[in-house]
Amino acid sequence: MIALRNHGEASTRLRGGRIRHGGDASRHASRHEDAQAVLAESDRLLADYDHATHLRASERYATNTLTYVRRWVEALSADTSTAGEDLYASITRFLAEQKAAGGSDKTVVNIRAAISGFLDFAVAAGVIDNNPTPAVTVKTPEKKLPRWLSSSEIEQVLKIADDTGCGNEVRVALSTGMRLAEMQRLKWPDVDFDNRLLYIRKTKNNLPRSVPMCAEANRVFQLQRSEVPADIAYVFPRRQTWPGGSRYVNSQRMDQWWRNAAKPLQEAIPKFTDDQAPRAIGRAWHLFRHTFASTGAQRGVSIYKLAGYLGHTDIKTTQIYAHLAGGYDPDIELACPLTAKRQERKLTPEDIEAAAVGVADLLAIVRRHGLMPEASASTLRAIGLLVQMAGQQDE
């Protein structure tokens, strides 16, 4: 329950009938009334919005959304109690504070979206007339090329992962591109050894998919199958440990295990922490997914196939890896004014002779089929002259 201060009188007045002011001079007063209305109905609104969000979104998304909204409502309560803050100003202040506390641009955008969804709900419920959140501008997250692990870094990662007891999990991530949550939820009936397929039933976008098992993934799953007791449903179950022993538990592994396992990787390899907000510890898993996709693109796997493997619903999401397809393009030398001139050269006798031989072979085919005999003879004479010229240039 949100603790509100000195809003009882406003609650009675607003529920009994809201007074709207006209004209620009009274706009701030109207915005302040909106803030008071949200606070007066905050408990009911939050409870109803919680139900509505769980109906249309995953548990994790709904939980994160409600957490953001509750924090903002608490800040709004403090703002209106101390400075007569309106909704627009309160949202702006709250987002600025989140950014100052180390939140990434993407996190700020996500928080704004959560607040906007909540206020849209308040408008639909008749509590307020307008949602001011779209007018609050924030920085668009910078689009960055994905980072991936090099071959030497992969060797280093696997050594650390084996030492910390998560070698199988990391190998599966690198050989399938699965998200962390997808791997945590994976059960043995979803691993089809006969057809070499993984069935990812619950995904970020609620679209199940199947992923082929490469030879390495198949090997690791077979090894994991031999380690996990037959009565355990999860492929990578939670493990209880105590001094001198441990055992598997038939429940989904929690996020904390990866937060702990990732720390040695983050300390050893800068890519696991580069460009991340200070509070982003534990998100390093996605680097494995980028490495899987980047390797596939570099080796010529179709972008459309990669999209299927990764579970992308929009091909534009996968196209961030398209720049890696094909590798080095020699035409870049022609575009560079510092190197293009050096690439120019005159035809050599070998070039002319090779061309002459090729044309002679072609004309032999033409004459064999009785096509353009008069042209063949004259062309062959011209080729002979070219070959002779090539010999003279060589001397």
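Definitions and cut-offs
Residues numbered from 1 in each chain as written. Predicted model: local features only at pLDDT ≥ 70, side-chain atom pairs only at ≥ 80, totals over all residues. Heavy atoms only, no water. Helix = DSSP H or I, 4+ residues; strand = E, 2+ residues; numbered from the N terminus. Buried < 20%, exposed > 50% of the residue type's maximum accessible area, 1.4 Å probe, protein only. Contact = heavy atoms within 4.5 Å. Pairing = 2+ DSSP bridges. Phe/Tyr/Trp six-rings, centres within 6.5 Å; stacked < 30°, edge-to-face > 60°. Lys NZ or Arg CZ within 6 Å of the ring centre and 35° of its normal. Core = buried A, V, L, I, M, F, W, Y, C linked by side-chain atoms within 4.5 Å.

1. Some points on the overall build of the protein
The helix and strand tally for the protein stands at 18 helices and five strands. Looking at the 395 residues of the protein, the share that counts as buried comes to 39%. Put simply, 57% of the contacts in the protein that link residues at least 6 apart link residues at least 24 apart.

2. A word on the pairing of strand S4 (residues 237-242)
When a strand is regular, its side chains alternate between the sheet's two faces. Examined bridge by bridge, S4 and strand S5 (residues 245-252) share six bridges and lie antiparallel to one another. Within S5, the residue paired with Arg 238 across the bridge is Val 249. The hairpin formed by S4 and S5 contains two residues between the paired strands, and Gly 244 there has a positive phi angle of roughly 90 degrees.

3. Regarding unusual backbone geometry
With a phi angle near 55 degrees, Arg 196 is a residue other than glycine that sits in the positive phi range. Of note, Arg 196 is situated in the loop between strand S1 (191-192) and strand S2 (197-200). Overall, Arg 196 belongs to the partly exposed group, its relative accessible area being 35%. Phi at Asn 206 is positive, roughly 60 degrees, even though this residue is not glycine. As for its placement among the helices and strands, Asn 206 is situated in the loop between S2 and strand S3 (209-212). By relative accessible area, which is 52% here, Asn 206 ends up exposed.

4. Observations concerning the packing of aromatic side chains
Per the counting criterion, the structure on display carries 11 aromatic pairs. Aromatic ring contacts, followed pair by pair, group Trp 257, Trp 258, Phe 272, Trp 285 and Phe 288 into a single cluster. Stacked on the ring of Trp 188, the Lys or Arg Arg 225 has its end atom at 4.1 Å from the ring centre. Its end group placed over the ring of Trp 257, Arg 253 keeps NZ or CZ at 4.5 Å from the ring centre.

5. Here's the deal with the nonpolar core
By size, the foremost hydrophobic cluster in this structure holds 39 residues, and its most contacted members are Val 170, Phe 221, Trp 258, Phe 272 and Phe 288. At the level of secondary structure, the elements contributing two or more residues to this core comprise helix H7 (151-164), helix H8 (167-176), helix H9 (180-185), S2, helix H10 (215-227), helix H11 (256-268) and helix H12 (285-298). Element by element, the count of residues in this core is highest for H11, at five residues. Look past the residues within four positions of Phe 272 in its chain and what remains in contact with it is Leu 149, Val 157, Leu 265, Gln 266, Ala 284, Leu 287 and Phe 288. In this structure, Val 38, Leu 39, Leu 76 and Val 108 belong to the second largest nonpolar core, which totals 27 residues.

6. Notes on the environment of Leu 145
Here Leu 145 lies in the loop between helix H6 (105-124) and H7. Leu 145 sits 145 residues away from His 290 along the chain, and the two C-alpha atoms are 10.0 Å apart.

7. Considerations on the sheet that holds S3
With respect to topology, three strands assemble into an open sheet ordered S1-S2-S3, the strand pairing being antiparallel. Two strands bound the open sheet, and with one partner strand each, they are S1 and S3. Examined bridge by bridge, S1 and S2 share two bridges and lie antiparallel to one another. Bridging from a neighbouring strand, Val 191 pairs with Leu 198 of S2.

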